[in-house]
Amino acid sequence: MFLSDFSVKRPIAMIVVIIALMGLGVLALTKLRVNQFPDIEPPLLVVNITYPGASPDTVEREIVTRLDKLLLSISGVDRMQATAREGSAQFQIFFAFSKNLIEAADEVRNAIGSVRHKLPTEIREPVITRADPGAQAIMQIALSSTTQSHADISRLAEDTLADKFRGLAGVSTVNVNGALRRELSVLLHAEKLREYSISVAEVVAALRAQNTTAPVGKVRGALEDQSIRLVGRLETPAQFEQIVVRRRANELLRLGQVATVADGFAEQTGHSFRNGRPNVGISVARSRDASTVSVADAVRQTIAEIEKTLPAGTRLEITQDGGKDAQNSLNNVVHALVFGAGLTVFVVYVFLNSWRSTLITALSLPTSVIASFIAVWLAGFTLNFMSLLGLSLAIGVLIDDAIVVRENIVRHLERGADRVSAALNGTAEIGLAVAATTFSIVAVFVPVAFMEGISGQWFRPFAITVVASVAVSLFISFTLDPMLSAYWGDPPGHHHAPKHGISRVLQGFNTWFDRVADRYGNVIAWALHHRVWMFLFA
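The shown structure was predicted, so the numbers you read here are calculated from the model rather than taken from an experiment. (Residues numbered from 1 in each chain as written. Predicted model: local features only at pLDDT ≥ 70, side-chain atom pairs only at ≥ 80, totals over all residues. Heavy atoms only, no water.)

J.: Honestly, the sheet that holds strand S6 (residues 171–177) in this entry has me stumped. Any pointers?
T.: Each strand in a sheet pairs with its neighbour through backbone hydrogen bonds, running either in the same direction (parallel) or in the opposite one (antiparallel). Pairing is antiparallel in the open sheet, where 4 strands are placed in the order S6-S15-S5-S16. Either end of the sheet is taken by a strand with one partner, and the two such strands are S6 and strand S16 (314–321). Direction aside, the axes of adjacent strands within the sheet are offset by 20 degrees on average. For S6 and strand S15 (residues 280–286), the ladder comprises 6 bridges, and the chain directions are antiparallel. In the strand pairing of S15, Thr 173 is matched with Ala 285. Across the sheet, helix H10 (residues 322–352) lies against strand S5 (137–145) and S16, angled at about 35 degrees from S16, the strand it touches most. (Pairing = 2+ DSSP bridges. Helix = DSSP H or I, 4+ residues; strand = E, 2+ residues; numbered from the N terminus. Axes fitted to C-alpha atoms, helices over the stretch in contact; angles between N-to-C directions. Contact = heavy atoms within 4.5 Å.)

What follows is the structure, encoded as structure tokens:
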């Protein structure tokens, strides 16, 4: 065979090729993102439209009924679910897997824009988002204090901590839950409105007109231009009380005369508790192209730095760590992989009864596993539970080719052939059978890589990893195994030399096993000569 002949006759060149494969595999492994699960992209767009103050019936009548048929007419839509709630409407649009979601989002945006004039003017701009299971929070953090009020830690979380977490690489969104948000409330007095004949609409118009900041113009000079900006944003209740609601001649009616301005907090729509005490929760979500473990490590490091600057009695604790969960899950698979590899090497040593043959055969495991990461990286996958599961499943298969090749080479050595001749003839003799076995495994898993739908996205890393690893193991069994067998195999007469220690025990086991194999051969021979009886038994 070409590969075995080349590796035996050009061992230095083959060693360089294998070292290059190992180096590229290690480089690819360092660049792989580490996540617990594969990146799943369901063909789903979610459209949220806010209609402040509207009842569910109004939302359904004014928004849902005017958009549902229009959105269903978009090409590639499989089905759609519309929900009308108090103050908002939500459309979940499911597309075919062949649909490009970027183009789909543009089509949805254009469809809504074509009937925008028919929708209520009070609605806010529709928000179109792509459903991403990987965008869920990977870290949940609790901020609590025994010395500060809930309002103080709310301001600390909103104004300081959230911004620090948003600045980390790989962080997409940071949400603050259970915080008190400052709100200035204008409490109108009905009797005062009737007394001054003022409507609520006039008060609202005055607030909008006088509580604003806007550019006014520009003054051009000989050497420089200066912008003019109207600064009218109000901050305190006293400033709001001075807003002029109505002007008649020299009479000014101010907001403070018809209303009370209270500086308080907005009504809480969510609460966060830890150990029975209210706190402020902070959730951190990673971006799609970021590693869960890397982002979690960065968040933990930032928390350690923040804790040094917190006031006495204030604590910042991690309540849920998705990074550790992902790492622990992957560690369990890695441990199973290493344990399976160890058992495989042990079984090989028991039957071959030669540490050199065992080492030559066992080298196919690390080379195949490490080189398979090249395919995982080139395919754009992450190092996740499914890809490592593929390696765990393939561990027993990876060493099969090397065992068959090495065993045939040993058989030629026992018949008196020299190392080089045994390596060349033994590999050539068994090469077709080994290749057929490997390609049959490839034929099973390649179609899995082309499955469609969510299941295809789940199992594609698994299938690609198995196919790549077994393909590399076939290459190793045709190159590294015959090369090492030719130049570093067992010395002549090793198999007939007296054994000592554990080798003597293993020789006794192999002798017994050979007798059992001979008896099994007799059974097979009898079955071949009595086909009618075997047919009746079957």
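J.: Would you take a moment to explain the layout of surface pockets for this structure?
T.: Any space left empty among the atoms is revealed by the rolling of a water-sized probe across them. By volume, the largest pocket is sized at about 660 Å³. In terms of lining, the largest pocket is formed by 21 residues, of which the most central are Phe 351, Leu 352, Glu 414, Asn 510 and Asp 514. Those elements that provide at least two residues to the lining of the largest pocket are H10, helix H13 (385–414) and helix H16 (502–529). Partitioning the lining of the largest pocket into residue classes produces 8 nonpolar, 8 polar and 5 charged. (1 Å grid on protein atoms, 1.4 Å probe; cavity = no way out; pocket = protein on both sides within 12 Å on 5 of 7 lines; lining within 4 Å. Points joined across faces, edges and corners; volume = space filled by probe spheres on them. Nonpolar A, V, L, I, M, F, W, Y, C, P; charged D, E, K, R; others polar.)

J.: Would you mind going over the environment of Val 200 with me for this structure?
T.: With respect to the helices and strands, Val 200 occurs in helix H7 (residues 200–210). Put simply, Val 200 and Leu 188 are 12 residues apart on the chain and 8.3 Å apart in space, counted from C-alpha to C-alpha. When residues no more than four places from it in sequence are discounted, the contact partners of Val 200 are Leu 188 and Leu 193.

J.: Can you walk me through the sheet that holds strand S4 (residues 127–130) in this structure?
T.: Spatial ordering of the open sheet is given by S2-S3-S1-S4, a layout of 4 strands whose pairing is antiparallel. At either end of the open sheet lies a strand with only one pairing partner, and these are strand S2 (77–85) and S4. Adjacent strand axes in the sheet meet at a mean angle of 15 degrees when their direction is disregarded. Alignment of strand S1 (residues 44–50) against strand S3 (residues 88–95), held across 7 bridges, turns out to be antiparallel. Paired with Thr 50 across the strands is Ser 88, a residue of S3. Across the sheet, helix H3 (residues 56–72) touches S1, S2 and S3, and the angle it forms with S2 is around 170 degrees.

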